[in-house]
Amino acid sequence: MTRVLVVDDDFMVAKLHSRYVSSVDGFSVVGVAHSGAQALEAVERLRPDLVLLDVYLPDMDGIAVLRELRAVEERDRDRQPVDALFITAARDAEIVRAALRAGALHYLIKPFNQAALREQLLHVAALRARLDGLDEARQEDVDQLFGTRPPGSRELPKGLAAHTADLVEQTLRRHPDGLSATECAQEGALSRVSARRYLEFFADTGRAEVTLRYGGTGRPERRYRWVR
């Protein structure tokens, strides 16, 4: 379970974002803060895994909050680092650049819908799962973590999203003996049709292997196994 702290100066917006987060399997809201000082105190007290952070706060901006969190982590190397996802109306390129330099995982511009936040949260989950499963990183792992894949190495057809592709890939990697589209959909909180599209894409591009499991009646079940 990924524990989330929601930080926004608008009480109603914070409540809405909290509801969005709580609707995503594997995520729970452990606290809400409405200022930079409250955010720093809440992180210290609650130790969340992820902070949804607004830039515009009444006492200090969200960039400064994240920088202070990173400074605390630098002073205490035994402290578990917290990830940060900016959710803000700030569109200035310098602010976006500062957020990335401060160590944000991503930057979501308001207004957005529930599906957009869900996609970002699933992306966070995929990153955390990949890191937790690594003892030694390959270049392919690093490229995917930092979003710097070489051109053409993972081009997706129209209608497929990179974050969902990462989620399906991680699901496959966790099941070296293979799984069906239905099983993949259940674990990744996707529709079976959507999961099948990504699985077939991986099979078509040589990243996954397809085998058939024959039952008593009806069509054989297609099972997918990650091979790269």
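Our structure is the block above this text.
Below or above, wherever it landed, is the structure these notes cover. (Residues numbered from 1 in each chain as written. Predicted model: local features only at pLDDT ≥ 70, side-chain atom pairs only at ≥ 80, totals over all residues. Heavy atoms only, no water.)

**A short note on unusual backbone geometry**
Note the cut-off: The way it works is that DSSP assigns letters per residue, a run of H or I at least four long becomes a helix, a run of E at least two long becomes a strand, and they are numbered from the N terminus.
Lys110 connects to Pro111 through a cis peptide bond whose omega is -5°. The topology assignment puts Pro111 in the loop between strand 5 (106-109) and helix 5 (114-132). Positive phi is not limited to glycine here, since Arg47 has a value of about 50°. Along the polypeptide, Arg47 turns up in the loop between helix 2 (36-46) and strand 3 (50-53).

**Things to note about the packing of aromatic side chains**
Definition in use: Pairing of aromatic side chains requires ring centres within 6.5 Å, counting the rings of Phe and Tyr and the six-membered ring of Trp. Pairs whose planes differ by under 30 degrees are stacked, by over 60 edge-to-face, and all others tilted.
A complete count under the given rule lists 3 aromatic pairs for this structure. Between the aromatic rings of Phe201 and Phe202, the centroid separation amounts to 5.6 Å while the plane-to-plane angle is 50°, which identifies the pairing as tilted. Here the aromatic cluster, defined as three or more aromatic residues joined through ring pairs, consists of Phe201, Phe202 and Trp226.

**Here's the deal with the packing of helix 3 (residues 62-75) against helix 4 (residues 93-102)**
Heads up, the rule is: Orientation is described by lines fitted to C-alpha atoms, with helices fitted over the stretch in contact, and by angles between N-to-C directions that extend from 0 to 180 degrees. Roughly parallel means an angle under 35 degrees; roughly antiparallel, over 145; roughly perpendicular, 65 to 115; everything else is oblique. Definitions for this section: a left-handed crossing has its near helix turned counterclockwise from the far helix by less than a right angle. A right-handed crossing has that turn clockwise. Any pair of residues with heavy atoms lying within 4.5 Å of one another is described as a contacting pair.
Following both chains from N to C, one finds helix 3 and helix 4 inclined at 15°, their axes separated by 9 Å at the closest point. Relative to helix 4, the element helix 3 lies roughly parallel. Judged by the sense of rotation from one axis to the other, the crossing of helix 3 with helix 4 is left-handed. For the pair formed by helix 3 and helix 4, the contact residues are Ile63, Leu66, Arg67 and Arg70 on the first element and Ile95, Ala98, Ala99 and Ala102 on the second.

**A short note on helix 4**
Note that an α-helix has 3.6 residues per turn; residues three or four places apart therefore point the same way. Using the following cut-off: Burial classification: accessible surface area is computed with a 1.4 Å probe over protein chains only, and a residue below 20% of its type maximum counts as buried, one above 50% as exposed, and the rest as partly exposed. The arc in question is formed by the directions pointing from the helix axis toward the C-beta atoms. Here a polar contact is recorded for every N or O atom pair within 3.5 Å, except that within protein the pair must consist of a potential hydrogen donor and a potential acceptor, and residues adjacent in sequence are included only if both atoms are side-chain atoms.
For helix 4, every residue scored as buried is listed here: Ala98, Ala99 and Ala102. Projection of helix 4 onto a plane perpendicular to its axis shows the buried side chains occupying an angular sector of 100°, all on one side. Opposite the packed face of helix 4, turned more than 90 degrees from it, sit the exposed residues Ala93, Leu100 and Arg101. Buried-residue contacts for helix 4 involve helix 3, strand 4 (83-88) and strand 5. One side-chain oxygen of the residue at the start of helix 4 lies 2.8 Å from the amide nitrogen of Glu94, identifying that residue as Asp92. Just past helix 4, the residue Gly103 takes up positive phi, approximately 110°.

**Quick word on the nonpolar core**
Going by this rule: The nonpolar core is taken to be a set of buried Ala, Val, Leu, Ile, Met, Phe, Trp, Tyr and Cys residues, with the residues joined through side-chain atoms within 4.5 Å.
Of all hydrophobic cores here, the largest spans 35 residues; its most connected members are Leu50, Leu52, Leu117, Leu121, Leu172 and Phe202. A total of 5 residues in this core trace back to one element, the largest contributor, which is helix 9 (residues 192-204).

**A closer look at the sheet that holds strand 7 (residues 208-213)**
Applicable threshold: Note on pairing: two strands pair once DSSP finds at least 2 bridges between them.
Taken in spatial order, the 3 strands make up an open sheet running 6-8-7, and their pairing is antiparallel. The strands lining the two open edges of the sheet, one partner per strand, are strand 6 (179-180) and strand 7.

**Some points on the pattern of salt bridges**
Heads up, the rule is: Salt bridge, as used here, is a side-chain nitrogen of Lys or Arg placed within 4 Å of a carboxyl oxygen of Asp or Glu.
Tallied over the full model, the rule gives 19 salt bridges. Between Arg79 and Glu44 there is a salt bridge, and its shortest N-O distance comes to 2.9 Å. Separated by 35 residues along the polypeptide, Arg79 in the loop between helix 3 and strand 4 and Glu44 in helix 2 bring together distant segments of the chain. Residue classification places Glu44 among the partly exposed residues on the basis of a relative accessible area of 41%. Glu74 is paired through a salt bridge with Arg77; the nearest N and O atoms lie 2.4 Å apart. Look at the salt bridges and you will find they share partners, linking Glu183, Arg213, Glu221 and Arg223 into a network.

**Quick notes on the side chain of His123**
Mapped onto the elements of the fold, His123 is located in helix 5. Contacts of His123, omitting those with residues within four sequence positions, involve His106, His163 and Asp166.

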